[in-house]
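Each chain, written out:
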Amino acid sequence: MSQPSVARHGFATNAIHAGQEPDPTTGSVIVPIHATSTYAQDGVGGLRGGYEYSRTGNPTRTALEECLAALEGGRHARAFASGMAATDTVLRTLCKPGDHLIIPDDAYGGTFRLIDKVFSKWGITHTPVAVSDLDAMRAAIRPETKAIWVETPTNPLLNIADIAGLAQLAREHGTRFVVDNTFATPYLQAPLDLGADIVVHSTTKYMGGHSDVIGGAVVTSDEELDAEFGFLQNGAGAVPGPFDAWLTLRGLKTLAVRMDRHCDNAERIVSLLLSHPAVTWVGYPGLAEHPGHEVAVKQMRRPGGMVSFRLAGGVEAALAVCSKTRLFTLAESLGGVESLIEHPGKMTHASTAGSQLEVPADLVRLSVGIEDADDLIADLTEALG
Ligand SMILES: *Cc1c(COP(=O)(O)O)cnc(C)c1O
């Protein structure tokens, strides 16, 4: 239920207006929180606004879905209770027992866990591949491969997948191509325009942007896929409540300005890290020496707000920095207005220990917020010692 209702305006305009016309009955400029489970009918089947039950549809959720579709340049969007619920819906739609998936060799931990621990029980196999390696991707495709699934930039190493190149590869082999666009957001990159079939989001991160709500989304321009996503959205019921939908919609309004500030601040932090003697490696797609730099420049408006780095002092040094910052809060997650720091090896990516997806022990990940850059620089300088 999500034809974009606003003609295609600029990104920031769509973020504020798509799906969000003033309420026809009250004039309310902001979409109301429709806290209702059911809807009065004028005679049996006489639906007033097309709504009958809030698992199936809710006007606050519809507004969010229309906005998400407009921002991703897709025809349809579906909102979910979490990014994992969105991921689960897409995987269950695309795969049946005996099928095969290609996933990033540094996939989001929760995505890896779902595929490795749950979908494997149903006879769905997977091959982890470096998202930046087109030849390895091609080599991993089998007749039963139902999807190439990538994140770009990846988490936490910020590797870059060539979206247009992979879209072409998937087309040639008759398989679906899915992009988890959580790290970049549609402000920085538009996977559907570059040929992806499906975009998945954890709206918990930059889209909501204020670390106050969990949510997910699936966007596509494919009519049949959307119908299947809608069937599972209603049939399995992992929907966001109206307040969660409203919070996410409120966050989206400022996505463009927030992302520019995240990027400005990340660039300042990267300069600090590059010049610091305790730092042995800085991962940021904006750096010319980053292996994905050329592709990032081609497909991203800017390199984003995530920065990873490694320390000369190994795991102890990494853990020490994580415990010493004051403005950078030690916490999992990312994409909020406040800066966060974490140790992937012991936190977000602990479940990858001992597997092919294990991350370096001396790695620290930053989600650079939109505070004053000078304060962030001072905090990190102090913690690095
Ligand atoms: C957080 C995240 C998810 C999962 O989203 P939830 O909202 O936490 O369920 C999926 N992919 C990426 C890249 C993420 O960062």
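All values reported here derive from a predicted model rather than from experimental measurement.

Turning our eyes to something else, we now look at the environment of Lys346. Considering the arrangement of structural elements, one finds Lys346 in the loop between strand S11 (340-342) and strand S12 (363-367). C-alpha separation for the pair Lys346 and Thr26, spaced 320 residues apart in sequence, amounts to 51 Å.

Here the focus is the domain arrangement of the protein. Segmentation of the protein into domains returns domain 1 (11-253) and domain 2 (257-384). For domain 1 versus domain 2, the separation of C-alpha centres amounts to 26 Å. In this assembly, 36 residues from domain 1 lie in contact with 42 residues from domain 2. If you sort the residues of domain 1 by the area they bury against domain 2, Tyr187, Leu188 and Tyr206 come out on top, with a joint share of 25%. Between the two partners, domain 1 and domain 2, sit 1 salt bridge. The partner of Asp162 in a salt bridge is Lys298, and the shortest N-O contact between them spans 3.5 Å. Here domain 1 is connected to domain 2 by 14 residue pairs in polar contact (both at pLDDT 80 or more). For the side of domain 1 that touches domain 2, the secondary-structure elements that each account for two or more residues are helix H4 (109-118), helix H7 (185-188) and helix H9 (242-252).

A few words now on empty space enclosed by the protein. Using the criterion set out here, one finds 2 cavities of 30 Å³ or more in the structure. Computed from the structure, the largest cavity encloses a volume of approximately 40 Å³. Along its surface, the largest cavity is lined by Pro153, Leu158, Phe183, Ala184, Tyr206, Pro285, Pro303, Gly304, Gly305 and Met306. Of the domains in this structure, domain 1 (11-253) and domain 2 (257-384) are the two that each give at least three residues to the lining of the largest cavity. Reported here for the second largest cavity is a volume of approximately 30 Å³. Lining the second largest cavity, in full, are Leu64, Ala79, Phe80, Thr203, Gly215, Gly216, Pro240, Asp244, Ala245 and Thr248. Counting only elements with at least two residues in the lining of the second largest cavity, the list comes to strand S1 (76-80) and H9. Counting residues per element, the lining of the second largest cavity draws most heavily on H9, which supplies 3 residues. Here the lining of the second largest cavity is built from residues that sort into 5 nonpolar, 4 polar and 1 charged.

Analysis parameters
- Residues numbered from 1 in each chain as written.
- Predicted model: local features only at pLDDT ≥ 70, side-chain atom pairs only at ≥ 80, totals over all residues.
- Heavy atoms only, no water.
- Helix = DSSP H or I, 4+ residues; strand = E, 2+ residues; numbered from the N terminus.
- Domains from an automatic or database assignment.
- Contact = heavy atoms within 4.5 Å.
- Buried area = accessible area lost by both parts, 1.4 Å probe.
- Salt bridge = Lys/Arg side-chain N within 4 Å of Asp/Glu carboxyl O.
- Polar contact = N/O pair within 3.5 Å; in protein donor to acceptor, adjacent residues only side chain to side chain.
- 1 Å grid on protein atoms, 1.4 Å probe; cavity = no way out; pocket = protein on both sides within 12 Å on 5 of 7 lines; lining within 4 Å.
- Points joined across faces, edges and corners; volume = space filled by probe spheres on them.
- Nonpolar A, V, L, I, M, F, W, Y, C, P; charged D, E, K, R; others polar.

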